[in-house]
Amino acid sequence: MFQQHKLMIFILTFILLGHFQTPDAHAFRGRLRSISDQNPETENWKTQHPKIVFALSLLDEKLNEHYVKVAKQFGDRLPDNFAEIKILSAATGAQIVRELQNPNTVGLVIIGHTYQTKSLKGSVFLGSDRQPLPTELLSAATPALRFFALLGCHARGALTQYQTQFEIEHIPGKQTVFYTDDSFLATNQLLGVDGVKHALKNLANVVSNMNFQLGAEAEAASVQLSLKIKDVLSGFEVRYVILNHRIVGTLGDSPETSNSDQSYKTISYPIRESAMNTARSVSTCQKISIRSAELSLGAPADDYLLSEVNLSTGQKRSMDPALHFGDQPKPYLAAPPIAPTLSGNKEEDQILVIQYVSELARIKEWLDPDARHWPVLSGRFYSDCL
Amino acid sequence: MKTSNKLIQMALGSTLLISQTGCIASLAFPVAEAVNMPLFFAGTGSLFAGGAIRTLTSGDGDPACMGCSSSHLGPMIGDILLAAGLILDQKNPGRTDELNPLPIAPAVAEKFGVTQSDLTQYNDELPQVLTAHQNIIGAIRTLSAHNTKISREDLNKVAVGLGFQDSADLETTLASDQLSSEKITAFANSQGLTPTTAKIYLKSIGIKI
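Throughout, a residue's number is its position along its own chain's written sequence, starting from 1. Labels are handed out in written order, letters beginning with A for the chains and numbers beginning with 1 for the ligands. In keeping with the predicted nature of the model, local features appear solely for residues at pLDDT of at least 70, side-chain atom pairs appear and are counted solely at 80 or more, and the whole-chain, interface and lining totals rest on all residues. As a rule here, side-chain values come from all non-hydrogen atoms in the structure, and water together with hydrogens is ignored.

Student: I'm lost on helix α10 (residues 181-191) of chain B in this one. Help?
Tutor: Every α-helical turn comprises 3.6 residues, leaving residues that sit three or four positions apart pointing alike. All names here are of chain B. Each residue is placed in one exposure class: buried if its accessible area under a 1.4 Å probe, protein chains only, is under 20% of its type's maximum, exposed if it is over 50%, and partly exposed if it falls in between. Only runs of H or I of at least four residues qualify as helices and only runs of E of at least two qualify as strands under DSSP, and these elements are numbered from the N terminus. Looking at α10, one finds that the buried residues are I184, F187, A188 and Q191. An end-on view of α10 places all buried positions within 100° of arc, on one side of the element. Those residues of α10 that are exposed and aimed more than 90 degrees away from the buried face are E182 and N189. The arc under discussion is defined with respect to the helix axis, by the directions toward the C-beta atoms.

Student: Looking at this model, I keep getting lost on the packing of helix α2 (residues 61-77) of chain A against helix α6 (residues 195-207) of chain A. Mind explaining?
Tutor: What describes two packed helices is the angle between their axes and the distance between those same axes. Residue and element names in this part refer to chain A. Orientation is described by axes fitted as lines to C-alpha atoms, over the contacting stretch for helices, and by angles from 0 to 180 degrees between their N-to-C directions. The interhelical angle for the contact between α2 and α6, taken along N-to-C directions, is 25°, at an axis separation of 9 Å. The orientation of α2 with respect to α6, classified from their angle, is roughly parallel. The element α2 and its partner α6 pack so that their crossing is right-handed. Here Y67, V70, Q73, F74 and R77 of α2 come into contact with α6, specifically with V196, K197, L200, K201, L203, A204 and V207. Residues of the contact of α2 with α6, tallied by class, amount to eight nonpolar, one polar and three charged. Note on angle classes: values under 35 degrees are labelled roughly parallel, values over 145 roughly antiparallel, values of 65 to 115 roughly perpendicular, and the remainder oblique. For a crossing to be left-handed, the near helix must be turned anticlockwise from the far one by less than a right angle; the clockwise case is right-handed. What makes two residues a contact is simply this: any of their non-hydrogen atoms within 4.5 Å. Residue polarity is assigned by list, with Asp, Glu, Lys and Arg as charged and Ala, Val, Leu, Ile, Met, Phe, Trp, Tyr, Cys and Pro as nonpolar; anything else, Gly included, falls into the polar class.

Student: Got a minute to help me understand the pattern of salt bridges in this structure?
Tutor: Oppositely charged side chains can form a pair if their charged atoms are brought close together. Residue and element names in this part refer to chain A. Every case where a carboxyl oxygen of Asp or Glu lies within 4 Å of a side-chain nitrogen of Lys or Arg is listed as a salt bridge. Within the structure shown, the criterion is met by eleven salt bridges over all chains. Its salt-bridge partner being K46, residue E217 comes within 3.2 Å of it at the nearest N-O pair. Of this pair, E217 sits in the loop between α6 and β9 (223-230) while K46 is found in the loop between β1 (32-36) and β2 (51-56), placing the two residues 171 residues apart along the sequence. For E217, a relative accessible area of 60% corresponds to the exposed category.

Student: It is not clear to me how the pairing of strand β11 (residues 246-251) of chain A should be interpreted in this structure. Could you clarify?
Tutor: Consecutive residues of a regular strand have side chains that alternate between opposite faces of the sheet. All names here are of chain A. Most of β11 sits out of view: six of its six residues are buried. Here strand β10 (residues 239-243) pairs with β11 via five bridges, running antiparallel. Each residue of the ladder has a partner; that of R239, found in β11, is L251. In this antiparallel pair of consecutive strands, β10 and β11, the connection spans two residues, and N244 shows a positive phi of 50°. Whether two strands pair depends on DSSP finding at least two bridges between them.

Student: Is there a simple way to explain the nonpolar core in this structure?
Tutor: Soluble, globular proteins show a tendency: their nonpolar side chains are buried together. To form a nonpolar core, buried Ala, Val, Leu, Ile, Met, Phe, Trp, Tyr and Cys residues must be joined to one another through side-chain atoms within 4.5 Å. Ranked by size, the top nonpolar core spans 36 residues in total, and within it A:I96, A:L100, A:L108, A:I110 and A:L150 carry the most contacts. Listing elements by their share of this core, those giving two or more residues are β2, α3 (93-101), β4 (105-111), β6 (123-125), β7 (147-151), α4 (155-161), β8 (176-180) and β10 of chain A. No other element matches the four residues that α3(A) contributes to this core. When we break this core down by domain, the ones giving at least three residues each are domain 1 (23-207) and domain 2 (223-331 + 366-382) of chain A. In this structure, A:Y382, B:I184, B:F187 and B:L193 belong to the second largest nonpolar core, which totals 33 residues. Domain borders in the structure are assigned automatically or taken from a domain database.

Student: Looking at this structure, I do not really get the environment of B:N135. What am I missing?
Tutor: Residue and element names in this part refer to chain B. Tracing the chain through its elements places N135 in helix α7 (residues 126-146). Spatially, the C-alpha atoms of N135 and V158 are 9.3 Å apart, while their sequence positions differ by 23 residues. Beyond its immediate sequence surroundings of up to four residues, N135 is in contact with L162 and Q191.

Student: Just checking my understanding: could you explain the sheet that holds strand β12 (residues 265-271) of chain A for this structure?
Tutor: In a beta sheet, neighbouring strands are held together by backbone hydrogen bonds and run either parallel or antiparallel to one another. Ordered in space as β12-β9-β14-β15-β16 (chain A), the five strands form an open sheet in which the pairing is mixed. Each having just a single partner strand, β12 and β16 (377-378) of chain A make up the two edges of the open sheet.

Here it is, written out as structure tokens:
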């Protein structure tokens, strides 16, 4: 038998040993580690309806089903009526932002594949919409948040990518970030090893000792940030609305934050007054930016028009003509593409398929195809001091 | 079961186990610096193995698309990984506007030889950085368009626009191994950046400092 499978055994051994030789390699088992802000100067918010959110990002169907079960098991390990367990089985960045903005959300667990970046040695989680989760993701959290867990391969890199130390220092109250320091995290029960499950078991023990009923009263939103926008297609390209480097909302992820009419629509974002502080900036004025998380090369951006940015505290910027953001100067009006005939050559076919999908998307993005309505294309929106 | 069979099964089992983490591609290229390449290959394989694509917009398969599967997530992994592979090409980051805020983290500060507060400053200055980046791209296009026929006068204009004294200064700088702090400051002043932000930007596009 050894003779028959000699080559296979050699290759597998080589691959596995090759991996174990890397300095940060561990045994996939999901050893839970944590960092937290040690001396928070302010209190967490208390909540009577605590919610722990599981965000399952980019996973295949089987793994997804498996981790929905594991997330439910996590809830079963907690004391009765301890917290609601909400599972986002195909989470996007925008969904996670909305959950973090909820003052009942006390914990967020992200489970998914991660991809290492070369230059910064970070690790990126992708949402189910194939877009990376934004670097400032955690900035959307309220002071009710007690913990945040990153469960995926190379999670140490995710600590860098999601600037976790910086974020927990800037969110009022005490937050703890949990992560596994395994380079590769086993995800199935084969051979009795499921690193994620193992980590969650330990996490449940820690979380069980947290008290969400103690703390300061939640602060109501008293400020409105509003945008006047047009030609924003729902679900095409999610943009994050960012005030002083803090995510305060999303644009284009749902019908509520989109506009398919010919006239401008005002979209408002409620903001807590304390969230207007500029501690995350060097400057001390109010600055707004609107940008997507990093789009993949060649992926079409949704061209749209922005005519006004208004903070209810008195800062306003009107644009006449409106500013045009996106990736094309004028509407794309070509005839619908014809599905390519594949040649069987993988590389060539791959290019054909990408071109085809890309072309389809480009045609669908224009709600107002009248080129006279589109002023000069600008870059992404970054306001100066409002 | 024979020991040999057990061993083979264990080896295969381990590999399968790891493959389900999505890390098998990286594992197969343990020394690969360009992690995007394994992802790209994984994406390519899955894309064609699945025989399906998904439109970018709706999640529904297009009727005109061959072998489309609108409801099954598995086949979509291919183009997702493909996209991921392209996204993570950090040398040319593959992003729409190429330059995004830098994560404020010790590892990033260390990489650029600056403090975390400098990274905050850089992120604050990002709009100016983008303008500077466009200026550089514009200068490169100008030079490319002229090819060898560019006049000394035009070259001087490009050089002065980037904060150099003249074209000779630009040529000398490009020929040197490292950019001096004086040159960085001159570039920063010409683009309305602080010197530290200019340093981070220049490093991020691969200039030796």
